[in-house]
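Residue-level structure breakdown
Each chain, written out:
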Amino acid sequence: MIKKNNLKSHLHLYKKMLLIRRFEEKAGQLYGMGKIGGFCHLYIGQEAVVVGVDSVKKKGDQVITSYRDHGHMLSCGMDPKGVMAELTGKKNGYSKGKGGSMHMFSKSEDFYGGHGIVAAQVPIGAGLAFANKYKKNQFVCFTYYGDGAANQGQIYEAFNMASLWKLPVVFIIENNQYAMGTSIDRASSTPKLFTRGEAFDIPGRLVDGMDVLEVSKATELAASNCRRGDGPYILEMNTYRYKGHSMSDPAKYRTREEVQNIKDKKDPIENFQKHLLNEGLDEDEFKKIDKEIKEIVSEAADFALESSEPDLTDLYKDIYLDN
Amino acid sequence: MNSNEILMPALSPTMEEGGIAKWLVKEGDIIKAGDLIAEIETDKAIMEFESALDCKISKLLVEEGTNNIKVNTPIVKINDNHIPLPTKNLNKENDKKNKTKKIINPQNDVHDIDLEKNETQKILTVRESIRDALAEEMRADENVFLMGEEVAEYQGAYKVSQGLLDEFGSKRVIDTPITEHGFTGLAAGAAFGGLKPVVEFMTFNFSLQAMDQIINTCAKTLYMSGGQMNCPIVLRGPNGAASQVAAQHSQDFAPWFASIPGLKVIQPFSANDAKGLLKSAIRDPNPVIFLENEILYNDKSASSEIRDELIPIGKANILIEGTDVSIISYGIGIKHSLMAIELAKDINISVELIDLRCLRPIDYNTVFESIKKTNRCITVEECFPVCSIGNHLSASIMENVFDYLDSPVINCTGKDVPMPYAKNLELAALITPEEIFEKIKKVTNLD
Ligand SMILES: Cc1ncc(C[n+]2csc(CCOP(=O)(O)OP(=O)(O)O)c2C)c(N)n1
Ligand SMILES: [Mg+2]
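1. Remarks on the domain arrangement of chain B
Residue and element names in this part refer to chain B.
- Here chain B is described as being made up of domain 1 (5-84), domain 2 (123-305) and domain 3 (317-443).
- Look at where the C-alpha atoms of domain 2 and domain 3 centre, and you get two points 26 Å apart.
- Contact residues are listed per partner, giving 32 residues for domain 2 and 27 residues for domain 3.
- Of the roughly 2,300 Å² buried at the junction of domain 2 and domain 3 (both faces included), carbon and sulfur atoms supply 58%.
- As a salt-bridge pair, Asp273 and Arg357 come within 3.0 Å of each other at their nearest N and O atoms.
- Linking domain 2 to domain 3 there are 12 residue pairs in polar contact (both at pLDDT 80 or more).
- Looking at the side of domain 2 that touches domain 3, the elements that each hand over two or more residues are helix H8 (254-258), strand S14 (264-266) and helix H9 (271-283).
- Counted by class, the side of domain 2 that touches domain 3 contains 18 nonpolar, 10 polar and four charged residues.

See the structure below:
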C-alpha cells in the first residue's frame, strides 16, 4: 500500500498511468496506419484501475484479464517493446506474433492473459487462486472483467467455488459503463455489480476507479482479506472508456458531450497530477516525466516496426510441448 | 519521409479502402490532437476520425464524397512535422502487396460467371440479402423474432440487422446481455412455447458458450420426446476466419455442427442463396444452424442478383459446369475456388464447381453425378483438416462411385494449427487459390 505523502511512490503511479495513456495513443495511431490489425481495444480512461491495483500487488500475485489488456501488461512490468511488437504481429512480441492484442501472456510477470472470450478468464482466475491455496503460498490472483462480462453465468459458478473453498481471488469489475454499444442499465437487472456476491457470501465494494489512491486503498483491503485466508472479495471499479469499444466502433450510443464531461472532470491522470502539484511537486518534474515516457513509447514503436515478421516455420510450432 | 500528410486510416480489421463522408475541418484550421478531422465511411460504418497531434490543415487532398480511397493514401496536407506517419518505404511495401494481389484479384467480378447480368435487377450484398430475408419473414409471421448481442440499437455488430429495430420494435428485435448459454436456452424454450426465434451469435466463436443447449436441447428434444416437441429455431452469425483476429476468434465450425443428427446446417456463399436459404431455415420446423462469413458480407464475388425464391435446404448447386475435375466446396471456399478456376482456364482445364450450400443434409447425389462425369474430385473448405466435410465426402465417394475415379480425391482445407495473429502466418494458415490450383494440376496429373 502507498504510504501517505510518499511522493516517490506517488510519482511512480503517475508515470505508470501516463505510460499506459501514451502507449495506447501510439497503438491507436499504428492501427490507423495498418501496422496493427484485427481487434484492438484501448484502455484510455481506465488507467487508475490497473495502476492502483498493482500498487498492492506483490511479486508472485497473478493477474488475469480480458482482451482490453494493454494497460494490465504495462502496469505489471512487461516490456512496452515486447507488447508493441506483439500488437504489430512480430517475432519478438510476447506471443511471438501469434496472439496479437487480445492474447498476450508473460509467465515471468505472472500475467496469465489476455483472453478473447468474454468472462472466460474469470473461472481461470479462480483456478489460479485454487493453485495458490493448494500450494499454501500467500499469493492472490487479481481477476479482472467488464460490466458486460458480469452477466455471464460462468462468473457465478466461479463465485460459488471461490467462496466455498475460500480461494484467494479478488474479482475486479472494471465497470466502464458500456459493453460495446450496450450501457450497463440496458444489460443488467441491477446496476450494483459489487453486490452480486451476496448470495455466495462474498463481500463487495464500490470504488472510484478514476482515483488511483482510492483504488489502491480498496485493493489493500481486499487482498489482505484473501491473504488472511478469508476468501474472495469483489471490487467494482467505477470507470470510463474514452475510446470506442475497439477500433471499428463508431460509438453512436453515447454523446461526445458525455465523453468530454468525464474527460474534463474525472480524468485519472490530470486529477492525480493536480493532486501531486498540491503536494508540492513542481511542474518541471512533470515535463521531465512527459519526455521520458514519450521516449519509452517511441522506442517501443520503433522496435516493433523494425522487428521482423515471424518465420513461416513458426506456423506449426507451439501446438504441443514435447515430452 | 513525408510527415506532413495525414493518410486514409484503417478503421476496421477488414478495411482496405474508405470514403470521405464529410470533412469536419477546413483548410487553414488549427486543430488539436483528438479533434475530429472527417467522417470516414468504412466497409462497416461511418466513423469519426480524429487527429493524432496538434497541427494546421493546409490542404484537403480529396473532395467530400470521394469513395474507394485506399488505406494509407494521403488525404490531408498539414504543416506539422511531428506526426509519425509511414515512410516512403512502408508505402512501397504496400504498393508491392497490391501488385502481388493483382495476379488473383479478390475483387474479381466472379458473379459474372455465375449469373446472367440483368441491368434492371439490383445486385445485393450478402449482408443486405440476409437482412431482407429476416425482414420478410418477420413481416410474414409475427412469431418470428430476432435476439442477440447488439442486434437492435447498435444495428448489429456487423450491421446485418440494420433497420430491423425501427421496423419491428423492441418486442421483436431484442438486445441481450452477453450470456450466450442463457439466451440460447431461453430461445429454445421460446421455440417449445410456440415462437420462432432467430438467434444471432455475434460470431460463432461465442456459440461455444452455448454448445450444450444447441446440441443437447435444440438437436435432440424432438427425438427424445418421441416426436412431440420440435424446436423451430435458427442460430445464425458469422463463422470462420475474419482478418487477424487470431485463434479464439477465427475458426470454422461447419463440420462440428454437421456431425449432429437433429440439426440442419447451412453455409451459403452467394447473396441469393443466403436469402433463399435463410427464409427456408426460418420456416423449417427444425433447429437450423445458419453459418455466415464476415468476409463475404460485403464481398463482390458473393454479391448477386436476388431471384426471390425459396431455396430448399439440402440441395447443392452446380455453379460452373465442367468436364475435367469436380470441385466440391461451400461458403468462402467458393470464393477461393472461383479464383483457382480462373487460373485453371489458362491451362485449359475445365472445372465443374459445386456449391454444397447445405452440410446437413448433404446433397450426395449431385456430388456423385458430377464425379461420374469428371472422374476427378477436389474438396475445398476453410475448416481444420481433421474430420472435415471433405473427409466425409471422400469416404462416401469411395463407397458409392469408386469405379468412376481416375485419381484419389484431394481434400483442401485450412492448416492444422490454431489461427495465428501475424498477417504472414495467417495467410499461410488459410487455404489460398494458388494451393487449390496446385491440387487441380495434381489431380489431373499435370504437376
Ligand atoms: C463469449 C463472448 N461473447 C461475445 C463477445 C464479443 N464481445 C467482445 S467484447 C464485448 C463487450 C464486453 O464488454 P465488457 O465486459 O463491459 O468489457 P469492456 O469491453 O467494456 O472492457 C463483446 C460482446 C466475446 N468476445 N465473447
Ligand atoms: Mg464495459
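That covers the picture; the talk isn't over yet.
2. Concerning the interface of chain B and chain A
- Listed as interface residues are 52 residues of chain B and, on the opposing side, 51 residues of chain A.
- Three residues, Tyr154(B), Ile178(B) and Tyr421(B), lead the burial of chain B against chain A; their summed loss comes to 16% of the area buried on that side.
- Applying the counting criterion to the chain B and chain A interface returns four salt bridges.
- Of the charged contacts in the structure, one is a salt bridge between Lys243(A) and Glu50(B), with a shortest N-O distance of 2.4 Å.
- Between the two partners, chain B and chain A, sit 17 residue pairs in polar contact (both at pLDDT 80 or more).
- Secondary structure elements with two or more residues in the side of chain B that touches chain A: strand S5 (46-50), helix H1 (88-103) and helix H13 (423-429) of chain B.
- Looking at the side of chain B that touches chain A residue by residue, the class counts come to 32 nonpolar, 10 polar and 10 charged.

3. Section: the sheet that holds strand S15 (residues 288-292) of chain B
All names here are of chain B.
- The strand order across the open sheet formed by seven strands is S11-S10-S12-S13-S15-S14-S20, and the pairing between neighbours is mixed. Whereas interior strands pair on both sides, the edge strands pair on one side only; in this sheet they are strand S11 (173-175) and strand S20 (358-360). Put simply, the sheet's adjacent strands are angled 20° from each other on average, direction ignored.
- With two bridges joining them, S14 and S20 adopt antiparallel strand pairing. Looking at S20, one finds that Ile266 is bridged to Cys358.
- This element, helix H3 (residues 126-140), spans strand S10 (144-148), S11, strand S12 (196-200), strand S13 (234-238) and S15 of the sheet and lies at about 135° to S10.

4. Points about the nonpolar core
- Membership of the largest hydrophobic core comes to 95 residues, with the highest contact counts inside it found for Tyr145(A), Ile130(B), Val173(B), Leu278(B), Ile327(B) and Ile440(B).
- With seven residues, the single largest contributor to this core is helix H10 (residues 332-346) of chain B.
- The residues touching Ile440(B), leaving out its near neighbours within four places in the chain, are Val325(B), Ile327(B), Ala340(B), Ala344(B), Ile349(B), Val351(B) and Ile378(B).
- Residues Cys76(A), Val83(A), Tyr144(A) and Ala246(B) belong to the second largest nonpolar core, which totals 62 residues.

5. Quick look at the sheet that holds strand S2 (residues 141-146) of chain A
All names here are of chain A.
- Here we have five strands laid out as an open sheet, ordered S1-S2-S3-S7-S6, and parallel in their pairing. Every other strand in the sheet has two partners, leaving strand S1 (62-64) and strand S6 (204-208) as the edge strands with one partner each. Sheet twist, expressed as the average angle between the axes of neighbouring strands with direction ignored, equals 20°.
- In this sheet, strand S3 (residues 169-175) lies alongside S2 in parallel orientation, the contact comprising six bridges. Following the sheet pairing, Thr143 is matched in S3 by Phe171.
- Where helix H5 (residues 121-134) meets the sheet, its contacts fall on S1, S2 and S3, and the angle it forms with S2 comes to roughly 170°.

6. Re the pattern of salt bridges
- Following the criterion strictly, the structure yields 40 salt bridges over all chains and no others.
- Residue Asp311(A) pairs with Lys91(A) through a salt bridge whose shortest N-O separation is 3.2 Å. Here the residue Asp311(A) occupies a position in the segment after helix H11 (283-306), and Lys91(A) occupies one in the loop between helix H4 (80-87) and H5, the gap between them amounting to 220 residues.
- Given a relative accessible area of 34%, Asp311(A) falls into the partly exposed group.
- The residue Lys264(B) makes a salt bridge to Asp284(B) at a minimum N-O spacing of 2.8 Å.

7. Some words on the packing of aromatic side chains
- Tallied over the full model, the rule gives 16 aromatic pairs over all chains.
- With centroids separated by 5.2 Å and ring planes inclined at 75°, the aromatic side chains of Tyr156(A) and Phe159(A) adopt a geometry described as edge-to-face. One end of the pair, Tyr156(A), and the other, Phe159(A), are both in helix H6 (residues 153-164), three residues apart, so they sit about a helical turn from each other. Accessibility classification places Tyr156(A) together with Phe159(A) in one group, the buried group.
- Ring geometry for Phe201(B) against Phe204(B): centres 5.3 Å apart, planes inclined by 70°, an arrangement best described as edge-to-face. For the residue pair Phe201(B) and Phe204(B), the accessibility class agrees, reading buried in each case.
- Cluster of aromatic residues (ring-pair linked, three or more members): Tyr156(A), Phe159(A), Phe171(A) and Phe200(A).
- A cation over an aromatic ring shows up here: Arg254(A) above the ring of Tyr178(A), its NZ or CZ 5.6 Å from the ring centre.

8. Quick notes on a negative patch on the surface
- Side chains of Glu295(A), Glu299(A), Asp302(A) and Glu306(A) sit close together on the surface and give a patch of like negative charge.
- Structurally, Asp302(A) is set in helix H11.

9. Observations concerning helix H5 (residues 180-192) of chain B
Residues and elements named next belong to chain B.
- End to end, H5 covers 18 Å across 13 residues, agreeing with the expected 18 Å (1.5 Å per residue, within 8%).
- Structurally, H5 contributes buried residues whose contacts are with S10, S12, helix H6 (211-218) and S13.
- Where H5 terminates, the next one or two residues include Gly194, which has phi positive at roughly 105°.

10. A short note on the pairing of strand S21 (residues 377-380) of chain B
Residue and element names in this part refer to chain B.
- Alternating residues of S21 divide into Cys377 and Thr379 and Ile378 and Val380, and every residue in both groups is buried.
- Two strands pair when backbone bridges link them, and strand S18 (residues 325-329) and S21 are joined in this way by four bridges, in the parallel orientation. Directly across from Ser326, in S21, lies its bridge partner Cys377.
- Pairing analysis gives three bridges linking S21 to strand S22 (residues 410-412), with the strands arranged parallel. Across the sheet, the residue bridging to Ile378 is Ile410, located in S22.

11. As for the site of ligand 1
- Around ligand 1 sit 22 residues in total, of which Tyr67(A), Arg68(A), Ala149(A), Asn176(A) and Glu180(B) are the nearest.
- Proximal residues around ligand 1 fall on chains A and B, making this an inter-chain site.
- Between ligand 1 and Tyr67(A) there is a distance of 2.7 Å, counted from an oxygen atom to a side-chain nitrogen or oxygen.
- Contact between ligand 1 and His245(A): an oxygen atom at 3.5 Å from a side-chain N or O atom of the residue.
- Relative to its unbound accessible surface of 590 Å², ligand 1 loses 96% to contact with the protein.
- Class assignment for the residues of the shell around ligand 1 results in 10 nonpolar, eight polar and four charged.

12. Some remarks on the pairing of strand S7 (residues 233-238) of chain A
Residue and element names in this part refer to chain A.
- For S7, a buried count of five out of six residues is recorded, marking the element as mostly surrounded by other parts of the structure.
- Summarising the sheet, S6 and S7 pair through five bridges and their orientation is parallel. Its bridge partner being in S7, Asp208 is matched across the sheet by Asn238.
- Crossover connection from S6 via helix H8 (residues 212-227) to parallel S7: handedness right-handed.

13. So, a nonpolar patch on the surface
Residue and element names in this part refer to chain A.
- On the surface, Phe130, Tyr134, Met161, Leu164 and Trp165 cluster together into a nonpolar patch covering about 580 Å² of accessible area.
- At the level of secondary structure, the elements contributing two or more residues to the nonpolar patch comprise H5 and H6.
- Position of Met161 among the secondary structure elements: in helix H6.
- Owing to a relative accessible area of 36%, Met161 belongs among the partly exposed residues under this scheme.

Quick notes on the rules
- Residues numbered from 1 in each chain as written.
- Chains lettered and ligands numbered in written order.
- Predicted model: local features only at pLDDT ≥ 70, side-chain atom pairs only at ≥ 80, totals over all residues.
- Heavy atoms only, no water.
- Domains from an automatic or database assignment.
- Contact = heavy atoms within 4.5 Å.
- Buried area = accessible area lost by both parts, 1.4 Å probe.
- Salt bridge = Lys/Arg side-chain N within 4 Å of Asp/Glu carboxyl O.
- Polar contact = N/O pair within 3.5 Å; in protein donor to acceptor, adjacent residues only side chain to side chain.
- Helix = DSSP H or I, 4+ residues; strand = E, 2+ residues; numbered from the N terminus.
- Nonpolar A, V, L, I, M, F, W, Y, C, P; charged D, E, K, R; others polar.
- Pairing = 2+ DSSP bridges.
- Axes fitted to C-alpha atoms, helices over the stretch in contact; angles between N-to-C directions.
- Core = buried A, V, L, I, M, F, W, Y, C linked by side-chain atoms within 4.5 Å.
- Buried < 20%, exposed > 50% of the residue type's maximum accessible area, 1.4 Å probe, protein only.
- Phe/Tyr/Trp six-rings, centres within 6.5 Å; stacked < 30°, edge-to-face > 60°.
- Lys NZ or Arg CZ within 6 Å of the ring centre and 35° of its normal.
- Patch = residues over 30% accessible without salt bridge, like charges linked within 9 Å, V, L, I, M, F, W, Y side chains within 5 Å.
- Areas by Shrake-Rupley, 256 points an atom, 1.4 Å probe, with all protein chains shown as cover.
- Lys, Arg positive; Asp, Glu negative; His and termini not counted.
- Charge placed at Lys NZ, Arg CZ, Asp CG, Glu CD.
- Expected span 1.5 Å × (residues − 1).
- Near = heavy atom within 4 Å.
- Right-handed = clockwise from strand over helix to strand, strands pointing away.

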